[in-house]
Amino acid sequence: MEDRVLVTLDGALEDPDSPLLYADDIGALRGDGVFETLLVRRGVPTALEYHLGRLRHSAQALELPDVELSKWRSAAEEAAKVWGPEREGVMRWVYTRGRDSDFEAPTSELAPETPKPTGYVLVSPVPGRVAKARTEGVKVMSLARGISIDLAQAAPWQLLGAKTLSYATNMAALRFARRMGNDDVIYTSTESRVLEGPRSTVVIARDKQLITPPAKNGVLPGVTQRSLYNVAEKAGWDCRYESLFTADLFDCDSIWLLSSVTLAARVNQFDGVRMSAPDNADEIRDLVEQGIERSGSIGDW
Ligand SMILES: *Cc1c(COP(=O)(O)O)cnc(C)c1O
């Protein structure tokens, strides 16, 4: 059983314990690139087509070379197959602008010659915190993101709808929350609107309604959330994209942080207030599971 699996975009299986990046890779120099994180289950990458669609969308937002979907698809399938069906895995896709030295254009500020982006797929074990978050839920605090819900539309260069590699502040927010005795974070806007987690989508349940903030508020569209909505709609839930105030988080039946690896983590404490599990908590968890199992082959992102 492999401990890590590494496949490059040309389909080559690489030794995950050997260096792969050049020192001048722009992904490392500037965080200038995009990524995806997927769950590997039973030897296949889950919600594959959705992740491909979002990768393409993120790459377009950064003006990276077009994503070669068939190469990513086969690299992901190959890596998941080598990983095997025995246990879950975390699959990461990394796609960067490539080597700085390939862009040397001392006189012209324009167009590099032939862009050679860096792309690879890495599978590793699921971190220990995941099992606990799935079963026991997470303690969450709100943290200011310092942006308005209008920023996404007013400032497209902020790349709020893209999953970029520039996640240093997201990781800092999580460390801050941990120092304060929490497991995770819900970001809020300058208007006290709910945004998202540093690596997850916020969905609240109220009666037979599911509500998540719309992408135009400056949150990343979530694969897990969308997969949930697909099946929840059919199961009779009223699934909405609506702006939420932080006050709404205290006035609902349950709050969920959704993400591709952890799937559904119920918020069991928010800003110091305990939230007990509602009767339909297992139903919601089941819908998320069904959702990601079924969104394997649907395309439109
Ligand atoms: C990845 C991510 C999400 C959504 O997670 P999915 O894996 O798409 O379900 C939400 N917010 C942020 C900031 C993320 O990085």
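- As recorded in an unreviewed UniProt entry, the protein chain goes by Aminodeoxychorismate lyase and comes from Nocardia thailandica.
- Its UniProt record gives the protein chain the following Sequence similarities (unreviewed entry) comment, quoted word for word: "Belongs to the class-IV pyridoxal-phosphate-dependent aminotransferase family."

1. So, the state of the cysteines
Okay, step 1: By the definition in use, this model includes zero disulfides.
Okay, step 2: Cys 239 forms no disulfide, and the closest cysteine sulfur to it belongs to Cys 252, at a distance of 15 Å.
Okay, step 3: Residue Cys 252 is classed as buried on the basis of its relative accessible area of 13%.

2. Quick look at the sheet that holds strand E1 (residues 5-8)
Okay, step 1: With antiparallel pairing, six strands are arranged side by side in an open sheet as E2-E1-E6-E5-E3-E4. Because the sheet does not close on itself, it has two edges, and the strands there are strand E2 (13-14) and strand E4 (44-45).
Okay, step 2: Pairing geometry for strand E5 (residues 89-96) and strand E6 (residues 118-125), over eight bridges, is antiparallel. Within the sheet, the bridge partner assigned to Gly 89 lies in E6 and is Pro 125.
Okay, step 3: Sitting on the sheet, helix H3 (residues 69-83) touches E1, E2, strand E3 (33-41), E4, E5 and E6, and the angle it makes with E6 is about 25°.

3. What to know about the packing of helix H2 (residues 48-61) against helix H7 (residues 223-234)
Okay, step 1: The geometry of H2 relative to H7 is characterised by a closest axis approach of 10 Å and an angle of 135° between their N-to-C directions. The pairing of H2 with H7 is recorded here as oblique in orientation. The way H2 lies across H7 gives a crossing that is right-handed. For the pair H2 and H7, contact is made by Tyr 50, His 51 and Arg 54 and by Val 223, Arg 226, Ser 227 and Asn 230, respectively.
Okay, step 2: Residues belonging to the contact of H2 with H7 are distributed by class as follows: two nonpolar, three polar and two charged.

4. What to know about the site of the ligand
Okay, step 1: Inspection of the region around the ligand gives 15 residues, with Arg 54, Lys 163, Tyr 167, Thr 224 and Ser 260 positioned closest.
Okay, step 2: In the environment of the ligand, an oxygen atom lies 2.4 Å from a nitrogen or oxygen atom belonging to the side chain of Tyr 167.
Okay, step 3: Here a nitrogen atom of the ligand and a side-chain polar atom of Glu 196 are 3.0 Å apart.
Okay, step 4: In the complex, 97% of the free accessible area of the ligand, which totals 380 Å², lies under the protein chains.

5. Quick look at a negative patch on the surface
Okay, step 1: A cluster of acidic residues, Asp 10, Glu 14, Asp 15 and Asp 17, forms a negative patch at the surface.
Okay, step 2: For Glu 14, a relative accessible area of 32% puts it in the partly exposed group.

6. Digging into the side chain of Thr 188
Okay, step 1: Considering the arrangement of structural elements, one finds Thr 188 in strand E8 (residues 184-188).
Okay, step 2: Look past the residues within four positions of Thr 188 in its chain and what remains in contact with it is Ser 142, Leu 143, Ala 144, Arg 145, Gly 146, Arg 193, Leu 195 and Thr 246.

7. Digging into the environment of Thr 114
Okay, step 1: Note that Thr 114 resides in the loop between E5 and E6.
Okay, step 2: Residues Thr 114 and Pro 65, spaced 49 residues apart in sequence, show a C-alpha to C-alpha distance of 10.0 Å.

8. Thoughts on the environment of Ala 162
Okay, step 1: You can see Ala 162 is positioned in the loop between helix H5 (151-154) and helix H6 (168-179).
Okay, step 2: Considered as a pair, Ala 162 and Val 121 are 41 residues apart in the sequence and their alpha carbons are 18 Å apart.
Okay, step 3: Look past the residues within four positions of Ala 162 in its chain and what remains in contact with it is Ser 58, Ala 61, Leu 62 and Leu 220.

9. With respect to the pattern of salt bridges
Okay, step 1: Per the counting criterion, the structure on display carries 18 salt bridges.
Okay, step 2: Arg 97 is the salt-bridge partner of Asp 32, the closest N and O atoms lying 2.8 Å from each other. Taken as a pair, Asp 32 in the loop between helix H1 (26-30) and E3 and Arg 97 in the loop between E5 and E6 lie far apart in primary sequence, 65 residues in all.
Okay, step 3: Given the relative accessible area of 21%, Asp 32 is considered partly exposed.

10. Let's talk about the nonpolar core
Okay, step 1: Residues Trp 72, Met 91, Trp 93 and Tyr 95 are the most contacted members of the largest nonpolar core, which totals 25 residues.
Okay, step 2: Elements that contribute at least two residues to this core include exactly E1, E3, H2, H3, E5 and E6.
Okay, step 3: Aside from chain neighbours lying at most four places away, what touches Trp 72 is Leu 9, Leu 52, Leu 55, Val 67, Trp 93, Val 94, Tyr 95, Gly 119, Tyr 120 and Val 121.

11. Quick notes on the layout of surface pockets
Okay, step 1: Estimates place the volume of the second largest pocket at around 420 Å³.
Okay, step 2: Along its surface, the second largest pocket is lined by 21 residues, and Leu 9, Lys 116, Pro 117, Thr 118 and Gly 119 are the ones closest to its centre.
Okay, step 3: Elements with a minimum of two residues in the lining of the second largest pocket: H3 and E6.
Okay, step 4: Per element, the largest residue contribution to the lining of the second largest pocket is three residues, and it comes from E6.
Okay, step 5: Of the residues that constitute the lining of the second largest pocket, the class distribution is ten nonpolar, three polar and eight charged.

Criteria and thresholds
- Residues numbered from 1 in each chain as written.
- Predicted model: local features only at pLDDT ≥ 70, side-chain atom pairs only at ≥ 80, totals over all residues.
- Heavy atoms only, no water.
- UniProt positions renumbered as here; feature names shortened; annotations may be inferred.
- Disulfide = S-S within 2.5 Å.
- Buried < 20%, exposed > 50% of the residue type's maximum accessible area, 1.4 Å probe, protein only.
- Pairing = 2+ DSSP bridges.
- Helix = DSSP H or I, 4+ residues; strand = E, 2+ residues; numbered from the N terminus.
- Contact = heavy atoms within 4.5 Å.
- Axes fitted to C-alpha atoms, helices over the stretch in contact; angles between N-to-C directions.
- Parallel < 35°, antiparallel > 145°, perpendicular 65-115°, else oblique.
- Left-handed = near helix turned anticlockwise from the far one by under 90°.
- Nonpolar A, V, L, I, M, F, W, Y, C, P; charged D, E, K, R; others polar.
- Near = heavy atom within 4 Å.
- Polar contact = N/O pair within 3.5 Å; in protein donor to acceptor, adjacent residues only side chain to side chain.
- Areas by Shrake-Rupley, 256 points an atom, 1.4 Å probe, with all protein chains shown as cover.
- Patch = residues over 30% accessible without salt bridge, like charges linked within 9 Å, V, L, I, M, F, W, Y side chains within 5 Å.
- Salt bridge = Lys/Arg side-chain N within 4 Å of Asp/Glu carboxyl O.
- Lys, Arg positive; Asp, Glu negative; His and termini not counted.
- Charge placed at Lys NZ, Arg CZ, Asp CG, Glu CD.
- Core = buried A, V, L, I, M, F, W, Y, C linked by side-chain atoms within 4.5 Å.
- 1 Å grid on protein atoms, 1.4 Å probe; cavity = no way out; pocket = protein on both sides within 12 Å on 5 of 7 lines; lining within 4 Å.
- Points joined across faces, edges and corners; volume = space filled by probe spheres on them.

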